[in-house]
Each structure stands twice: as structure tokens, then as C-alpha cells.
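What the coordinates show
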Amino acid sequence: MRRPIVAGNWKMHGSRGENARLIEDILGGYPAHAGAECVVCPPFVYLQEVRRMLRDSPIALGAQDTCAEAHGAFTGEVSAGMLKDIGCKYVLAGHSERRLIYRESDQLIARKFAAAHAKGLVPVLCVGEQLSDREASRTEEVIGRQLDVVLELCGPEVLGQGVVAYEPVWAIGTGRNATPQQAQDVHAFIRARIAARDARIAADTRILYGGSVKAGNAAELFAMPDVDGGLIGGASLKADEFLAILAAAGPG
Ligand code: PEP
């Protein structure tokens, strides 16, 4: 059984006051029995304070990125060990904004994934094609390459202890989500790619969909057989939307 995950990626949004109101509203409306595991990923600087607000709640804490190095002279970076130390459970690796804006390579992202796993975090490997890739029928080629680099470095066992998030770049923050069938096709491809190395691990690996998920489209996306929840950007900043998406991932 793959328990779904609904994870909110706050990106570079929020303030101490806004975060407190958001968490209060989420906790105020939180279901007694959520079917999905719920995660919030605030900016680094707010992680500890959000963790304090989440204490005794079932919501897990995640970070949006990590350094691939364990420690040392890497000014401005935050290591996986530090994230673990302050109570993070999850960390994103290779969000498309990191890949595209900060030019992170597949190799660097694989090293981040490995570093996070080594420190006991659950890394969430984000993969996704750009619109030009999809239009040139290169979606599987791109996703396959992004996955293979992690599979080569870490092996299927370690990948399966993490999470994969399929986020088509053309659907992120655009209001244009993949159709449920488009999402399912790529999720099935990802699962098959892992299964080529280890079928048992592939069957157990959670694969999230991300890209303009909202209360209005979450249920149909989450109903697809290989979609195990979602990575939510914009809609995770509104408590009622986020709670509705959580509910769409199933009752407890
Ligand atoms: C994201 O940033 O991971 C994301 C999916 O954003 P949005 O939901 O806003 O498209």
C-alpha cells in the first residue's frame, strides 16, 4: 500500500505573521483522519519556527533544497544533516526552479538526493519536461534521463526510500495542469523505469504529481492509479485550498 502524500512547496513566500496564520488555519481545519501524509516546505529561515507551530500535529516538515556536501566552506548553503537536526523529514531535490534558474545539473541533483538519504531524510526527486520537450515528443527521454542519473548513483533501493514528483515544467505556476491521463502516462513510465531495475521497489515507490493542482482538479488527478498524491505550489499558501486537496487524496 502506498500512502499518498500531499506536500506544500511554499517557495520564497511568507513572513512570520503570514506563516503563523496559514499554519493556524490549516491546523484549525485539519481532518481527524487524513488519508494522505501532509507535508509543508517553508523557506529555510522559517523552518524552525514552523516546526514549533506544527508540534504535536501530524503534519511533517520539509525543506525545499539541500547542499550535496556534508559540511565545510560552502557559504550560503544548508546541509542535509542540518535539516535533519532541526526536525525536517522531507527535502525536495531538483525542483524545476532549481534546475532551470540555478542551472542545477542531473548529477548535482542526484548527489543532493544521496546526501539527503544518507542523513535520514526522505528526498523528493522532482522530474519534469519543458513544453518544448513535450511538443517534440521527448518527454520520456527527458524524464528517463533525470531518473537514471539517480538510479545509477543511488540504486533502486535508495530511490524507493525517497519519493518521486512528476512536475511538467509547463504546468508549474501556469494554471495549466496536465490532464489526469497525461499525468498517469508519465507516472506509469516512471514506475516502469524503476521496475526495470526492481519491480518490488517500483510497486512501492510513491510518485506525486505537481503542476497547478488545486481543489477543483485534485480528485481527478489523484484518482489515477499511479498518482500517489501531489506536490502543491500556489494552492498550498491558501489553507482552505490546501485542506481540500488533502481531502481529495482520500479519507483516513
Ligand atoms: C511547484 O512549485 O512544485 C508547483 C507544483 O507549483 P504550482 O502548484 O503553483 O504549479
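A few points on the structure. Note that the coordinates shown come from a computational prediction; the quantities given were computed from them, not determined experimentally.

**Examining unusual backbone geometry**
- The backbone phi angle of D56 is positive, close to 70°, even though this residue is not glycine.
- Summarising the element assignment, D56 is placed in the loop between α2 (47-54) and β3 (60-63).
- Residue S137 is not a glycine yet carries a positive backbone phi of 55°.
- With respect to the helices and strands, the residue S137 is situated in the loop between α6 (131-135) and α7 (139-161).
- Given a relative accessible area of 68%, S137 falls into the exposed group.

**Structural notes on α2**
- Among the residues of α2, L47, V50 and L54 are the ones counted as buried. Buried residues along α2 cover an arc of 70° about the axis, so they all sit on one side.
- The secondary structure elements touched by the buried residues of α2 are α1 (16-28), β2 (37-41), β3 and α3 (80-85).
- Backbone geometry just downstream of α2 places D56 in the positive-phi region, at approximately 70°.

**What to know about the packing of α7 against helix α8 (residues 180-195)**
- Interhelical geometry of α7 versus α8 gives an angle of 40° and a closest axis separation of 9 Å. Judged by the inter-axis angle, α7 sits oblique to α8. Both α7 and α8 take part in a crossing whose hand is right-handed. Between α7, through T139, E140, I143, G144, R145, L147, D148, L151 and L159, and α8, the contact on the second element is made entirely by V186, F189, I190, R193 and I194.
- Among the residues making up the contact of α7 with α8, the classes are represented as 8 nonpolar, 2 polar and 4 charged.

**Topic: the site of the ligand**
- Residues in close proximity to the ligand total 14 residues, the closest being K11, E167, G173, S212 and G233.
- Here H95 contributes a side-chain N or O atom positioned 2.9 Å from an oxygen atom of the ligand.
- A distance of 2.8 Å is found between an oxygen atom of the ligand and a backbone nitrogen or oxygen belonging to G233.
- When the ligand is considered free in solution it has 290 Å² of accessible area, and contact with the protein chains removes 95% of it.

**Comments concerning the sheet that holds strand β5 (residues 122-127)**
- The 8 strands lie next to each other as β1-β2-β3-β4-β5-β6-β7-β8, forming a closed barrel whose pairing is parallel. Between one strand axis and the next, the sheet turns by 25° as a mean value, whatever way the strands run.
- Across 2 bridges, the pairing between β2 and β3 is parallel. Bridge pairing links V40 to L61 in β3.

**Quick look at the pairing of β2**
- Within β2, 5 of the 5 residues are buried, which leaves the element mostly enclosed by the surrounding structure.
- Where burial is concerned, the two faces of β2 agree: the one with E37, V39 and C41 and the one with C38 and V40 are both buried.
- Relative to β2, strand β1 (residues 5-9) runs parallel, the two sharing 5 bridges. Residue pairing across strands places I5 opposite E37, the latter belonging to β2.
- Following the chain from β1 across α1 to the adjacent parallel β2, one finds a crossover that is right-handed.
- Assessed by its sense of winding, the connection that carries the chain from β2 through α2 to β3 is right-handed.

The rules behind these values
- Residues numbered from 1 in each chain as written.
- Predicted model: local features only at pLDDT ≥ 70, side-chain atom pairs only at ≥ 80, totals over all residues.
- Heavy atoms only, no water.
- Helix = DSSP H or I, 4+ residues; strand = E, 2+ residues; numbered from the N terminus.
- Buried < 20%, exposed > 50% of the residue type's maximum accessible area, 1.4 Å probe, protein only.
- Arc of directions from axis to C-beta.
- Contact = heavy atoms within 4.5 Å.
- Axes fitted to C-alpha atoms, helices over the stretch in contact; angles between N-to-C directions.
- Parallel < 35°, antiparallel > 145°, perpendicular 65-115°, else oblique.
- Left-handed = near helix turned anticlockwise from the far one by under 90°.
- Nonpolar A, V, L, I, M, F, W, Y, C, P; charged D, E, K, R; others polar.
- Near = heavy atom within 4 Å.
- Polar contact = N/O pair within 3.5 Å; in protein donor to acceptor, adjacent residues only side chain to side chain.
- Areas by Shrake-Rupley, 256 points an atom, 1.4 Å probe, with all protein chains shown as cover.
- Pairing = 2+ DSSP bridges.
- Right-handed = clockwise from strand over helix to strand, strands pointing away.

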